[in-house]
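Fold and geometry: a report
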Amino acid sequence: MKRKRWALFVLAALLAGLAACAALTYAVDPFEQYRESAILPLYDQESYNNPGIAKNYDYDAVILGTSMVEMSNPSVIDVCFGVKSIKLPMRGSHTAQMGWQLSHVFAAKEKRGETLKLAILAVDAYSLMGPVDDDEEIIEYLWNDNPLDDVSYLLNRDVLLVKIPKMLKNIGKSTAGKRDDMYKWTDVTFSAQSVFDTTPVSPQKEMTDSEYRIERSTGNITEHILRHVQAHPETTFLIYMPPYSVGYWYLMTRGGLSEQQFRSRARVCELLLDCPNVEIYDFSSRVEWITDLDEYFDYSHHSSAVSDAVMRAMAAGENRVNSVEEMQAGSERIRQAVEAFAAWYEP
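Residues numbered from 1 in each chain as written. Predicted model: local features only at pLDDT ≥ 70, side-chain atom pairs only at ≥ 80, totals over all residues. Heavy atoms only, no water.

**Brief notes about the environment of Leu272**
Inspection of the secondary structure puts Leu272 in helix 12 (residues 258-272). By relative accessible area, which is 0% here, Leu272 ends up buried. Through-space distance from the C-alpha of Leu272 to that of Ile239 is 9.5 Å; in sequence the pair is 33 residues apart. Not counting the four nearest positions on each side in its chain, Leu272 is found in contact with Ile221, Ile225, Leu226, Ile239, Val278 and Ile280. (Helix = DSSP H or I, 4+ residues; strand = E, 2+ residues; numbered from the N terminus. Buried < 20%, exposed > 50% of the residue type's maximum accessible area, 1.4 Å probe, protein only. Contact = heavy atoms within 4.5 Å.)

**Details of the sheet that holds strand 6 (residues 320-321)**
The six strands lie next to each other as 2-1-3-4-5-6, forming an open sheet whose pairing is mixed. Each edge of the open sheet carries a strand with a single partner, namely strand 2 (85-89) and strand 6. Of the strand pairs in this sheet, strand 4 (residues 236-241) and strand 5 (residues 278-282) are connected by five bridges, and their pairing is parallel. The partner of Tyr240 across the bridge, within strand 5, is Tyr281. Packing against the sheet, helix 3 (residues 74-81) makes contact with strand 1 (61-65), strand 2, strand 3 (118-122) and strand 4, and its axis sits at approximately 130° to strand 2. Against the sheet, helix 15 (residues 324-345) contacts strand 4, strand 5 and strand 6, and its axis sits at roughly 20° relative to strand 5. (Pairing = 2+ DSSP bridges. Axes fitted to C-alpha atoms, helices over the stretch in contact; angles between N-to-C directions.)

**Description of the packing of helix 4 (residues 95-111) against helix 10 (residues 214-231)**
Following both chains from N to C, one finds helix 4 and helix 10 inclined at 25°, their axes separated by 9 Å at the closest point. The orientation of helix 4 relative to helix 10 falls into the category roughly parallel. The handedness of the crossing between helix 4 and helix 10 comes out as left-handed. Contact residues: Thr95, Ala96, Gly99, Leu102, Ser103 and Phe106 in helix 4; Asn220, His224, Ile225, Arg227 and His228 in helix 10. Split into classes, the residues belonging to the contact of helix 4 with helix 10 amount to four nonpolar, six polar and one charged. (Parallel < 35°, antiparallel > 145°, perpendicular 65-115°, else oblique. Left-handed = near helix turned anticlockwise from the far one by under 90°. Nonpolar A, V, L, I, M, F, W, Y, C, P; charged D, E, K, R; others polar.)

**Structural notes on the packing of aromatic side chains**
Going through the model one piece at a time under the given rule, you end up with 22 aromatic pairs. Aromatic side chains Tyr26 and Tyr34 sit 4.7 Å apart centroid to centroid with 45° between the ring planes, which places their arrangement in the tilted category. Its relative accessible area of 43% is what places Tyr26 among the partly exposed residues. On the accessibility criterion, Tyr34 (25% relative accessible area) is partly exposed. Each ring, one from Tyr250 and one from Phe341, has its centre 5.5 Å from the other, and the planes form 70°; the classification is edge-to-face. You can see Tyr250 sitting in helix 11 (residues 246-254) and its partner Phe341 sitting in helix 15, a full 91 residues away along the chain. (Phe/Tyr/Trp six-rings, centres within 6.5 Å; stacked < 30°, edge-to-face > 60°.)

**Points about a negative patch on the surface**
A cluster of acidic residues, Asp133, Asp135, Glu136, Glu137 and Glu140, forms a negative patch at the surface. With respect to the element layout, Asp133 can be found in the loop between strand 3 and helix 5 (140-143). (Patch = residues over 30% accessible without salt bridge, like charges linked within 9 Å, V, L, I, M, F, W, Y side chains within 5 Å. Areas by Shrake-Rupley, 256 points an atom, 1.4 Å probe, with all protein chains shown as cover. Salt bridge = Lys/Arg side-chain N within 4 Å of Asp/Glu carboxyl O. Lys, Arg positive; Asp, Glu negative; His and termini not counted. Charge placed at Lys NZ, Arg CZ, Asp CG, Glu CD.)

**Focus: helix 10**
Here helix 10 is 18 residues long and its end C-alpha atoms lie 24 Å apart, about the 26 Å a rise of 1.5 Å per residue gives. At Ile225, helix 10 shows its strongest bend, of approximately 35°. Where helix 10 is concerned, the buried positions are Ile214, Ser217, Thr218, Gly219, Asn220, Ile221, His224, Ile225, Leu226, His228 and Val229. Buried residues in helix 10 make contact with helix 4, strand 3, strand 4, helix 12 and strand 5. (Expected span 1.5 Å × (residues − 1). Bend = angle between axes of the 7 residues up to and from the residue.)

In C-alpha cells form, the structure reads like this:
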C-alpha cells in the first residue's frame with residue numbers, strides 16, 4: 001500500500017511539474033504562439049519566431065524572402081504603400097519555404113476574417129532553383145492549429161531552460177521599434193573591404209546550360225507563387241529581384257552559374273507578368289546600387305538604407321519590368337557590370 005501511495009505521489013508530482021512548466025511557457029510565450037508578447041521577444045530564430053508573428057500580429061501586408069529582407073524596415077513599407085506590415089524572412093531558404101509561409105499567412109488572415117492587402121516577395125534567383133518540395137526549417141507544429149501538437153512547444157526543454165530566461169531579461173525594454181529591428185544584423189561592417197574579403201578572385205569555369213533545372217524554377221513559381229496569386233486576386237503581389245552586389249554576380253559568373261540564374265529571372269516574367277495583381281521589379285540590375293560596395297557587408301547582403309531605397313523605388317514605379325525582354329536587358333546590364341568589375345578587380 002505504501003508503495004502504491006508513493007507511486008501515486010510521484011506521478012502527481014511529475015504531472016504537477018509538467019503542468020507548471022507548460023503554464024510557464026504559455027505565460028511567457030517566447031515564440032508568441034498564443035498572443036503578441038508585451039515583452040520584447042528574442043527574434044533570434046526565424047523558423048521559430050515567424051509562425052507566431054504571422055498568426056498573432058496585426059498587419060495587412062507582409063514582406064517575404066531570404067536573408068536579403070532581414071534589413072528591411074516595415075515602418076518604411078507602411079509609409080510607402082499605406083499598409084501595416086510585418087517581415088518574415090527565412091535565412092538561406094528556397095522559394096518553397098516562401099510559399100509555405102505565404103500559405104499560412106493567408107490561412108491566418110482568413111481565420112480572422114481579414115484580407116492581406118499587399119505581399120512583397122523578394123525572389124532570389126538561386127532560391128528559384130531549390131527543390132519544389134523543400135520543407136527544411138519549417139517547424140510544422142508551430143504553424144498548424146492542432147492543439148495536441150502544442151506539447152512540443154509547451155514542454156520544450158530549450159524553450160524552458162534557454163529561451164524563457166533570456167526573454168525575461170528583456171522585461172522593461174521598449175517594443176516600439178521591434179518590427180524594424182527584428183532579425184537585423186548588428187555585428188557586421190558595411191564596407192567595400194567586407195565585399196572584397198568574401199569575393200575571392202576565381203578562374204572561369206564552364207558555364208552551366210541556362211536551361212539546367214529550369215523545371216525547378218517553373219515548379220517553384222507555379223506552386224509557391226502563381227497559385228497564391230490566382231487564389232487571392234484581392235492581394236497585390238510586388239515581386240522584386242534583390243540587389244545583390246556585383247561581387248555576387250562576379251562569383252556566379254566565374255562559377256559558371258550566372259546564365260542559369262538569368263534564365264530563372266526571365267521565367268518569373270514568363271509565368272507571372274500576365275497576372276493583373278502582380279508587379280515585377282528588377283533591382284539586381286540597378287548598377288549604381290550593386291556597385292556601391294560600401295553598402296554591403298559581404299558579397300550579397302546590403303544595408304537597411306538600400307532596403308529602404310528598394311521600397312521607395314517600387315512605390316515610385318522605378319525598375320518595373322513589363323516584358324521578358326526588359327528582364328533580359330537587365331541581365332545584360334549585370335553581365336556588363338561584372339566585366340567592368342573583373343577588369344578592375346582581377347590582377
